[in-house]
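Descriptive analysis of the structure
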Amino acid sequence: MSPQHFDVIVVGGSYAGLSAAMPLARARRSILMIDAGQRRNRTVERAHGFLGHDGKGPAAIAALGREQLLAYPNVQWRDAFAETVRRDGDRFVVTCNDGVPVSSDRLVLATGLIDDLPDIPGLSERWGKTVFNCPYCDGYELDRGPVGLLGTGALSVHESMMLTDWGTVTLFTNGCVALDADQAAQLQARGVDVVDGIVASIDEQATIVMDDARRQVLRGLFVAPRQRMTSTLPQQLGCTLEEGPFGSFIRTDACKATDVPGVFACGDAARATHSLASAVGDGFQAGVAVHQSLVFA
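Keep in mind the model is a prediction, meaning the values are calculated, not measured.

As summarised here, the arrangement of the five strands in space is S8-S15-S9-S10-S11, forming an open sheet in which the pairing is parallel. Strands at the two margins of the open sheet, each flanked by one partner only, are strand S8 (131–132) and strand S11 (193–195).

See the structure below:
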């Protein structure tokens, strides 16, 4: 039997994928959403900076989006992980971890990223709660208290200076940041304190414990970890990847089309910088472009 066929398969049912599917649903196209339930911000308690939803739980925002999308009868949903993809003529055939293939004329990759957190005891348990990535998303709530930046590389100097609008900042070099004289002067001018040495663990709310037993109590800690793609589908398709400051992402044009005909990408997997709001905007652009590619094929 031939695989069940759809106009569009969207891989990834978080904010970008939901947003990409909405204009396609309203254009009455048949859509299959495939989602593995691994939303990147699933540990975050409150989402901030997303117009109309500031302060809401991100799970509730995603659930509402899913409910509204599935109100359209031309949309189907599969809770599964898309493992493989191949071309079959002009169609794409996607096989999930349940072994059942499905096909489509267009494919949208909204597959997201994984944050590879530093291996420091206490960090992963606090990720999204008192240890954060984005100050625009979580800095305001720290009420200009003492905040830290865990150094991960050359960009940590820039990041720590930027953080001073959200609190009194300490840069923990953690063996990853070597300052030259100019950088040290810039940090001093912005009021950034620098603590050398290795971070041994994170305790209590966000207390830094150094390997020599020094402790520093913080309201929150920021870290910019390396990131990697959740899915290998872009590589299987031959999509070109670009290298960003923290990891690779899928190259797209302004309409979110990849360099593989018929394949579009949006959200964190297709951007160097990330936020809930930008993921939603990316998704809408991708959905509109997919529809037009179907009409004017």
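Continuing now.
Attention shifts here to the nonpolar core. Ranked by size, the top nonpolar core spans 29 residues in total, and within it Ile 31, Met 33 and Val 108 carry the most contacts. Taken together, the elements giving at least two residues each to this core come down to strand S1 (4–11), helix H1 (15–26), strand S2 (31–35), helix H2 (58–70), strand S3 (75–79) and helix H8 (276–295). For Val 108, the residues in contact, after removing those within four places along its chain, are Val 8, Ile 9, Val 10, Val 11, Ala 20, Phe 264, Cys 266 and Val 290. Listed in part, the 25 residues of the second largest apolar core include Val 85, Leu 109, Met 229 and Ala 270.

Right, let's get into the environment of Asp 98. With respect to the helices, strands and loops of the structure, Asp 98 is situated in the loop between strand S5 (91–96) and strand S6 (101–109). A polar contact of 2.5 Å, which involves the side chain of Asp 98, links it to the side chain of Arg 78. A polar side-chain atom of Asp 98 sits 3.0 Å from the main-chain amide nitrogen of Val 100.

Further remarks concern the domain arrangement of the protein. Structurally, the protein comprises domain 1 (5–115 + 226–296) and domain 2 (118–223). Here the C-alpha centre of domain 2 lies 32 Å away from the C-alpha centre of domain 1. In this complex, domain 1 contributes ten residues to the contact, which on the side of domain 2 involves nine residues. Taken together, both faces of the contact between domain 1 and domain 2 bury some 800 Å²; the carbon and sulfur share is 50%. Among the residues domain 1 hides against domain 2, the three largest losses belong to Thr 43, His 48 and Phe 246. Together they make up 53% of the total. Between domain 1 and domain 2 we count zero salt bridges in total. Across the contact surface, domain 1 and domain 2 share one residue pair in polar contact (both at pLDDT 80 or more).

The next subject is the sheet that holds strand S14 (residues 215–216). Across the sheet, which stays open at both edges, the three strands sit in the order S12-S13-S14 with antiparallel pairing between neighbours. Edge strands, defined here as strands with exactly one partner in the open sheet, are strand S12 (199–203) and S14. With four bridges joining them, S12 and strand S13 (residues 207–210) adopt antiparallel strand pairing. In the strand pairing of S13, Val 199 is matched with Met 210.

Turning our eyes to something else, we now look at the packing of H1 against H2. At a minimum axis separation of 10 Å, H1 and H2 run at an interaxial angle of 20°. What the angle tells us is that H1 and H2 run roughly parallel. The two elements H1 and H2 meet at a crossing, and its hand is left-handed. Residue-level contacts link Tyr 15, Leu 18, Ala 21, Met 22 and Ala 25 of H1 to Pro 58, Ala 59, Ile 61, Ala 62, Gly 65, Arg 66, Gln 68 and Leu 69 of H2.

Rules and cut-offs
Residues numbered from 1 in each chain as written. Predicted model: local features only at pLDDT ≥ 70, side-chain atom pairs only at ≥ 80, totals over all residues. Heavy atoms only, no water. Pairing = 2+ DSSP bridges. Helix = DSSP H or I, 4+ residues; strand = E, 2+ residues; numbered from the N terminus. Core = buried A, V, L, I, M, F, W, Y, C linked by side-chain atoms within 4.5 Å. Buried < 20%, exposed > 50% of the residue type's maximum accessible area, 1.4 Å probe, protein only. Contact = heavy atoms within 4.5 Å. Polar contact = N/O pair within 3.5 Å; in protein donor to acceptor, adjacent residues only side chain to side chain. Domains from an automatic or database assignment. Buried area = accessible area lost by both parts, 1.4 Å probe. Salt bridge = Lys/Arg side-chain N within 4 Å of Asp/Glu carboxyl O. Axes fitted to C-alpha atoms, helices over the stretch in contact; angles between N-to-C directions. Parallel < 35°, antiparallel > 145°, perpendicular 65-115°, else oblique. Left-handed = near helix turned anticlockwise from the far one by under 90°.

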